[in-house]
Amino acid sequence: MARGDLTDDQWERLEPLLPSIPKIGRPPRDRRQVFDGIWWRARTGSPWRDVPERYGPWETAYALFRRWQIDGTWAAVLKKLQVKADATGHIEWEVSGDSTICRAHQHAAGARKAGAPGRTQPDGLAAEPDDHALGRSRGGLTTKLHLAVDASSHVLATVITAGQRSDGPVFYEVMNRIRMPRLGGGRPRVRPDYVLADRAYSSRAIREYLRRRQIPHTIPEKRDQAGHRIRRGSAGGRPPGFDRETYARRHKVECRIGLLKQARGVATRYDKLAVRYEATVQLTLIRQSP
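Quick caveat, the model's predicted, so the values are computed rather than measured.

1. Description of the environment of Val170
Phase 1 of the analysis: Assignment of secondary structure puts Val170 in helix H5 (residues 167-176).
Phase 2 of the analysis: Here the alpha-carbon distance between Val170 and Ile160, two residues 10 residues apart in the chain, equals 9.6 Å.

This is the structure we're talking about:
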């Protein structure tokens, strides 16, 4: 077992969540070996052709990674881990929202405009976006990763967009992707107990959206918004409530972003397609699950 590979205990917890092995046809290669090869590539950010020979042919690792992205296996395995964590009481429903910029390598550019196949699961990109979730900035090509993280550092939802996209408009999509099925049946849980976010999410529309869903929240007011409200006098309304001690708990999402970016394939995007990069993020979340 090389550094970074699954331990026996980790594989015992992960193996039952993977798709069943077909009973007909050629026996597949050792899936633990292939999974470790896929994770080695995500952890190091190396090209697929450089996957060490101890993990088997690189073509096998890439083919499995691609197939499980197309049929939604990565999203399904991650959802099973989340459901199990929620059933055992490990998920705390105080949700913090934030985003992070991920630099895109030059090899991530140049994908065909026709896009790529969609997926059968609703958790994630339904199909390859026209811009491949690549945006241009002064630093070059970038992709933005939007997250919703609970108080126990579990990532409940992710959204991949181009790097120049603002946080506020994507907030609704991130919140709508929070959907936690229940093991005992019934309607899935979609509403957090509390929401924390920084000034990038300070808007009247977002606050009204959260109030309409009866979700208490702590979001600091932007300075220009506060000045505009004060200039309007009584017509500007009351300032939004803000508890500094409660807001300090938002550091959970910052810490989770730092942990997620320990995988160099996430910190720097090397995948040409957004759906492949999203699968790399899902693989990292699976591998980092407690």
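2. Thoughts on the pattern of salt bridges
Phase 1 of the analysis: All told, the structure shown has 10 salt bridges when counted by the stated rule.
Phase 2 of the analysis: A salt bridge links Asp8 to Arg32, with the nearest nitrogen and oxygen atoms 2.9 Å apart. Here Asp8 is found in helix H1 (residues 8-14), whereas its partner Arg32 is found in helix H2 (residues 31-44), with 24 residues between them in sequence.
Phase 3 of the analysis: Close ionic contact of Glu173 with Arg177 constitutes a salt bridge, the shortest N to O distance being 2.8 Å.

3. Section: the packing of H2 against helix H3 (residues 58-70)
Phase 1 of the analysis: Put simply, H2 and H3 touch, their axes get as near as 9 Å, and they point 85° apart. Taken together, H2 and H3 sit at an angle that is classed as roughly perpendicular. Contacts between H2 and H3 pair Arg31, Val34 and Ile38 from the former with Thr60, Ala61, Leu64, Phe65 and Trp68 from the latter.
Phase 2 of the analysis: When its residues are assigned to classes, the contact of H2 with H3 shows 6 nonpolar, 1 polar and 1 charged.

4. A few points about the packing of aromatic side chains
Phase 1 of the analysis: Evaluation of the coordinates by the stated rule reveals 10 aromatic pairs.
Phase 2 of the analysis: With centroids separated by 6.3 Å and ring planes inclined at 85°, the aromatic side chains of Phe171 and Tyr209 adopt a geometry described as edge-to-face. Of the two residues, Phe171 is situated in helix H5 and Tyr209 in helix H6 (residues 204-212); the sequence distance between them amounts to 38 residues. Both residues of the pair, Phe171 and Tyr209, count as buried.
Phase 3 of the analysis: Centroid distance Phe242 to Tyr247: 5.4 Å. Interplanar angle 55°. Geometry classified as tilted.
Phase 4 of the analysis: For Phe242, a relative accessible area of 37% gives the class partly exposed.
Phase 5 of the analysis: Pairwise contacts between aromatic rings join Phe35, Trp48, Tyr62, Phe65, Trp68 and Trp74 into one cluster.

5. Describing the side chain of Arg213
Phase 1 of the analysis: By the secondary structure assignment, Arg213 is in the loop between H6 and strand S6 (217-218).
Phase 2 of the analysis: Buried Arg213, no salt bridge; nearest opposite-charge side chain is Asp193, N-O distance 10 Å.
Phase 3 of the analysis: For Arg213, the side chain forms a polar contact with the main-chain oxygen of Val190, separated by 2.9 Å.
Phase 4 of the analysis: At 2.8 Å, the side chain of Arg213 and the side chain of Tyr209 are in polar contact.

6. Remarks on the state of the cysteines
Phase 1 of the analysis: This structure, assessed with the given rule, holds 0 disulfides.
Phase 2 of the analysis: Cys255 provides the cysteine sulfur closest to Cys102, a residue in no disulfide bond, and the two sulfurs are 17 Å apart.
Phase 3 of the analysis: By relative accessible area, which is 1% here, Cys102 ends up buried.
Phase 4 of the analysis: On the basis of relative accessibility, which here comes to 48%, the residue Cys255 falls in the partly exposed class.

Rules used throughout
Residues numbered from 1 in each chain as written. Predicted model: local features only at pLDDT ≥ 70, side-chain atom pairs only at ≥ 80, totals over all residues. Heavy atoms only, no water. Helix = DSSP H or I, 4+ residues; strand = E, 2+ residues; numbered from the N terminus. Salt bridge = Lys/Arg side-chain N within 4 Å of Asp/Glu carboxyl O. Axes fitted to C-alpha atoms, helices over the stretch in contact; angles between N-to-C directions. Parallel < 35°, antiparallel > 145°, perpendicular 65-115°, else oblique. Contact = heavy atoms within 4.5 Å. Nonpolar A, V, L, I, M, F, W, Y, C, P; charged D, E, K, R; others polar. Phe/Tyr/Trp six-rings, centres within 6.5 Å; stacked < 30°, edge-to-face > 60°. Buried < 20%, exposed > 50% of the residue type's maximum accessible area, 1.4 Å probe, protein only. Lys, Arg positive; Asp, Glu negative; His and termini not counted. Polar contact = N/O pair within 3.5 Å; in protein donor to acceptor, adjacent residues only side chain to side chain. Disulfide = S-S within 2.5 Å.

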